[in-house]
Amino acid sequence: MIITLKDNVQKEFAEGVSVYEVAKSISEGLAKSAICGKLNGELVDLTTTIDKDSALEILTFNDDEGKLVYRHTAAHILAQAVKNIFPTCKLTIGPAIGNGFYYDFDFKTPITADELEVIEAEMKKIIKANFKLERFVLSREEAIKLMKQYDETYKLELIEGLPEDSIISFYKQGDYVDMCRGPHLYSTGMVKAFKLTSLTGAYWRGSENNKMLSRIYGTAFDKKSDLNEYLEKVEEAKKRDHNKIGRELGFFMTDENIGQGLPLLMPKGAKTVQLLQRFVEDEEERRGYMLTKTPLMAKSDLYKISGHWDHYKDGMFIIGDETKDEEVFALRPMTCPFQYTIYNNGIKSYRDLPCRYGETSTLFRNEASGEMHGLIRVRQFTISEGHIVCAPNQLEEEFKGCIDLIYFMLDAIGLREDVTFRFSKWDKNDKAKYIDDEEAWAKAESTMKVILDHLGLKYTEAIGEAAFYGPKLDVQTKNVYGKEDTIITVQVDMFLAENFDMTYIDENGEKQRPYIIHRTSMGCYERTLALLIEKYAGAMPLFIAPVQVKIISLTERQIDLTKQIKQELMSKGIRCELDNRNETVGYKIRSAQLDKVPYMVILGDKEAEMNVVSVRNRKDGSLGTMSLNDLIAKIEEEVKNRIK
RNA sequence: GCUGAUAUGGCUCAGUUGGUAGAGCGAAUCAUUCGUAAUGAUUAGGUCGACAGUUCGAUUCUGUCUAUCAGCUCCA
């Protein structure tokens, strides 16, 4: 029997050889670090035996899939520990995730975070006991019987969702049995380092209509030092949390009298957003976008045409009571219907297409109370919104143009390396959320897929993440907690042109239905600002720094000079502030440094006499003296290059 | 909306097993006029998130609400 190993190495083995034995034949070291096998593309246990010619890869903790299996076993150890301490709790599911694992339990009486330590201690005992994870399979009927015996009602519910003829696998470690696809580590003692990180709530099967369970999160590594390094990294990342330093540095604030999800941008935050907004508006104009400025609210009639009234009403702030025969308005949650109304003003010819509308648009969405988060999730936000109305044969070119613009923007603010793409599709079973027209969705999604593939974009697919009117290409980023959010989106809309009866006259004088792209250049400014604060830990790149230069006087004698220098810098469009406080120069430098101001100009008798300025950079410290013109040239050059 | 936690001067946090509170930073004032990450002194600042209830008395106990945080769900 021939087994094809890594790098196409082929080796002869006797039938019935186990994955572990193959690993051992390669090297003792590999056998020691082996976690599981990948046999003909399927993940398998080390104890799995092979009885025919196969391709086999031995996975270790260095492989992503190896990490998942390792952490999945850690999740089972967690569940065993919890069962030991709380025998009445019921098991649900416990997968490995990005940086660790979790397990959801239904406790008779909810536990508190303090009890995680007790559970950790129990897990250590289980690891020390080094139980083997023994796999066995049962028919569906036998599986039901076993789970009834253990009174695991959630597992029973899972089994009920499986086909009649399913063969269901279980893993047993000590006296703990869990229904699980596997694979797993050979024994519990192979888990070298773990930590339970948090206790939260989570809905059974991810639906808010179901019971809320207790979720315990943890992580595991094959080395204690790597675990500590990871935990430190997480702590470091939290120090960049925009919600903390954005407030400390005076970018934004909130107030309980104003309300949830309604942040106030303070002078620094407002300045950076203004700079981003001007940058986007100017670039869009260069790329043929026409500026619109449309109302922040409209009568319900508009949203009834667009479909928002049927599919997005819960997300809107509505003014007036329909049942009382009043005129009902709603604050706009999106700009589309307004720009479509502009398009429909007058007959459009194919010569008018593509018609690119852009607007710096303030939107209102009535998010549920628990969903707000700093500047990332808010109830009022301002977005570089736009819609491109085009002929079908222009769609691909226009879509490409959107992607090109997005790359341009991401490069400018330095986030290009931090994003991933997600192709967001509809969920045909969710009739309430989506316009119900299977044929149109299929067409929209396949059209979009062709374009994405032509562009050669790498993307993941997500069912049920589309907008109610069409599929989306979402540009995803992660915040300091590792939570993913959409920063930018491009959407193909095959419905609203119909709803608004939008048309153009083609070359043959016939009325045609245009395609529409919904898109944003930089996403909403609040969220983008949040991500920038986290990316740069509050030290904004020079071209969007709210204050670029802090001018520091050494003694009272320089006060007039500082004012004069400020005037000259401001006349060149350089944003600067004075620090003429009666403090030592060291104190004022420290203060500017903590404020993350990119450049400091220090003026004393010496500089006044020699007609130069002393310059300091927040990153490199003192740069010595130079003429004011040289400093201006240096700053202008850096601003021109943006983050490069 | 759901689960859990939190709310004390502008900020970060002590504290009171029920008798209305303190520190550091910051601010103001005064002195100092200083050479690249903290000069010194003085002063002012709090109905302890809001509203009810229990109590002779509530910042402390109970309830409701509001806001904030983590997660779920939802989403730009």
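J.: I'd like to hear about the packing of aromatic side chains, residue by residue, with values.
T.: Any two aromatic rings considered together are summarised by their centre-to-centre distance and by the angle between their planes. Under the definition given, this model contains 20 aromatic pairs. Arranged with centres 5.9 Å apart and planes meeting at 15°, the rings of Phe-279 and Phe-408 form a pair that is stacked. With Phe-279 in helix H9 (residues 267-286) and Phe-408 in helix H13 (residues 395-413), this pair connects stretches of sequence that are 129 residues apart. We classify Phe-279 as buried; its relative accessible area is 16%. Geometrically, the ring pair formed by Trp-426 and Trp-441 is stacked, given 5.0 Å between the ring centres and 0° between the ring planes. One end of the pair, Trp-426, is in the loop between strand E24 (420-425) and helix H14 (438-455); the other, Trp-441, is in helix H14, and 15 residues separate them in sequence. Just as Trp-426 is buried, Trp-441 falls in that class too. An aromatic cluster is defined as three or more aromatic residues linked by ring pairs; in this entry it consists of Phe-61, Tyr-70, Phe-221 and Tyr-230. Against the face of Phe-221 rests Arg-71, its NZ or CZ located 4.7 Å from the ring centre. Positioned above the aromatic ring of Phe-408, the side-chain terminus of Arg-287 is 5.1 Å from the ring centre.

J.: Please provide a residue-by-residue account of the nonpolar core, values included.
T.: Generally speaking, soluble globular proteins have nonpolar side chains that are buried together. In this structure, Phe-399, Leu-452, Leu-473, Val-475, Met-522, Leu-532 and Met-540 are the most contacted members of the largest nonpolar core, which totals 55 residues. The dominant element in this core, judged by the number of residues it contributes, is H13, at ten residues. When residues no more than four places from it in sequence are discounted, the contact partners of Met-540 are Phe-251, Thr-272, Leu-529, Leu-532, Ile-533, Ala-545, Pro-546, Pro-598 and Arg-618. Grouped together as the second largest cluster of nonpolar side chains are 38 residues, Cys-36, Ala-79, Tyr-103 and Met-190 included.

J.: Requested: an account of the sheet that holds strand E18 (residues 290-291), with residues and values cited.
T.: Strands sit in the order E18-E22-E23-E30-E27-E26-E24-E25 across an open sheet of eight strands; the sheet is mixed. Edge strands, defined here as strands with exactly one partner in the open sheet, are E18 and strand E25 (459-463). Of the strand pairs in this sheet, E18 and strand E22 (residues 355-364) are connected by two bridges, and their pairing is parallel. Each residue of the ladder has a partner; that of Met-290, found in E22, is Tyr-357. Helix H16 (residues 525-536) contacts E22, strand E23 (380-390), strand E26 (472-478), strand E27 (484-493) and strand E30 (515-524) of the sheet and is inclined by roughly 45° relative to E30.

J.: Account for a negative patch on the surface, with residues named and values stated.
T.: A cluster of acidic residues, Glu-12, Glu-15, Asp-51 and Asp-53, forms a negative patch on the protein surface. Note that Asp-53 resides in the loop between strand E6 (49-50) and strand E7 (54-59).

J.: Describe in detail unusual backbone geometry, supporting the description with residues and values.
T.: The amide bond that connects Gly-182 to the next residue, Pro-183, takes the cis arrangement and shows omega of -5°. Within the chain, Asn-130 stands out as a residue other than glycine whose phi angle is a positive 50°. Note on placement: Asn-130 falls in the loop between helix H4 (115-129) and strand E11 (134-139). Judged by its relative accessible area of 39%, Asn-130 is partly exposed. One non-glycine residue, Asn-611, adopts positive backbone phi at about 60°.

J.: Lay out the pattern of salt bridges with the relevant residues and their values.
T.: Scanning all chains against the criterion turns up 41 salt bridges. Across the pair Arg-557 and Asp-605 runs a salt bridge whose closest N-O atoms are separated by 2.6 Å. Within this pair, whereas Arg-557 is found in the loop between strand E31 (549-553) and helix H17 (559-571), its partner Asp-605 is found in helix H19 (residues 605-610), the two being separated by 48 residues in sequence. On the basis of relative accessible area, Asp-605 is assigned to the partly exposed category, the value being 38%. Notably, a salt bridge pairs Asp-579 with Arg-581, separated by 3.0 Å at the nearest N-O pair. Salt bridges linked by common partners bring Glu-283, Arg-286, Arg-287 and Asp-404 together as one network.

J.: Describe in detail the protein's contact with RNA strand B, supporting the description with residues and values.
T.: Around RNA strand B sit 56 residues in total, of which Asn-243, Ser-369, Thr-486, Glu-556 and Asn-582 are the nearest. A share of 51% is what sugar and phosphate atoms reach among the atoms of RNA strand B within 4 Å of the protein. In this structure, a base nitrogen belonging to RNA strand B sits 3.0 Å away from a main-chain N or O atom of Gly-370. Side-chain polar atom of Arg-581 to a phosphate oxygen of RNA strand B: 3.3 Å apart, as the coordinates give it.

J.: Please give an account of the environment of Thr-447 that cites residues and values.
T.: Tracing the backbone through its elements, the reader meets Thr-447 in helix H14. Residue Thr-447 is classed as partly exposed on the basis of its relative accessible area, which comes to 22%. Thr-447 sits 293 residues away from Tyr-154 along the chain, and the two C-alpha atoms are 41 Å apart.

J.: Tell me about the sheet that holds strand E20 (residues 318-319), and name the residues and values.
T.: In space, the three strands of this open sheet follow the order E19-E21-E20, with antiparallel pairing throughout. The open sheet is flanked by strand E19 (297-299) and E20, the only strands paired with a single partner. Where E20 lies against strand E21 (residues 329-331), two bridges are found, and the strand directions are antiparallel. Looking at E21, one finds that Ile-318 is bridged to Ala-330.

J.: Outline the packing of H13 against H14, supporting the account with residue identities and numerical values.
T.: Between H13 and H14, the shortest axis-to-axis distance is 10 Å and the interhelical angle comes to 55°. Relative to H14, H13 is oriented oblique. Crossing handedness for the pair H13 and H14: right-handed. From H13, Leu-395, Glu-396, Phe-399, Lys-400 and Ile-403 reach across to H14, where they touch Thr-447, Met-448, Ile-451, Leu-452, His-454 and Leu-455. Looking at the contact of H13 with H14 residue by residue, the classes come out as seven nonpolar, two polar and two charged.

J.: Hey, could you go over the pairing of strand E13 (residues 176-179) for me, with residue numbers and the actual values?
T.: Side chains Tyr-176 and Asp-178 project from E13 onto one buried face, and the interleaved Val-177 and Met-179 project onto a second face that is buried too. Note that strand E12 (residues 167-173) and E13 share four bridges and pair antiparallel. Each residue of the ladder has a partner; that of Phe-170, found in E13, is Met-179. The hairpin turn running from E12 into E13, its antiparallel successor, is two residues long, and Gly-174 in that turn takes a positive phi close to 60°.

Definitions and cut-offs
- Residues numbered from 1 in each chain as written.
- Chains lettered and ligands numbered in written order.
- Predicted model: local features only at pLDDT ≥ 70, side-chain atom pairs only at ≥ 80, totals over all residues.
- Heavy atoms only, no water.
- Phe/Tyr/Trp six-rings, centres within 6.5 Å; stacked < 30°, edge-to-face > 60°.
- Helix = DSSP H or I, 4+ residues; strand = E, 2+ residues; numbered from the N terminus.
- Buried < 20%, exposed > 50% of the residue type's maximum accessible area, 1.4 Å probe, protein only.
- Lys NZ or Arg CZ within 6 Å of the ring centre and 35° of its normal.
- Core = buried A, V, L, I, M, F, W, Y, C linked by side-chain atoms within 4.5 Å.
- Contact = heavy atoms within 4.5 Å.
- Pairing = 2+ DSSP bridges.
- Axes fitted to C-alpha atoms, helices over the stretch in contact; angles between N-to-C directions.
- Patch = residues over 30% accessible without salt bridge, like charges linked within 9 Å, V, L, I, M, F, W, Y side chains within 5 Å.
- Areas by Shrake-Rupley, 256 points an atom, 1.4 Å probe, with all protein chains shown as cover.
- Salt bridge = Lys/Arg side-chain N within 4 Å of Asp/Glu carboxyl O.
- Lys, Arg positive; Asp, Glu negative; His and termini not counted.
- Charge placed at Lys NZ, Arg CZ, Asp CG, Glu CD.
- Near = heavy atom within 4 Å.
- Polar contact = N/O pair within 3.5 Å; in protein donor to acceptor, adjacent residues only side chain to side chain.
- Parallel < 35°, antiparallel > 145°, perpendicular 65-115°, else oblique.
- Left-handed = near helix turned anticlockwise from the far one by under 90°.
- Nonpolar A, V, L, I, M, F, W, Y, C, P; charged D, E, K, R; others polar.

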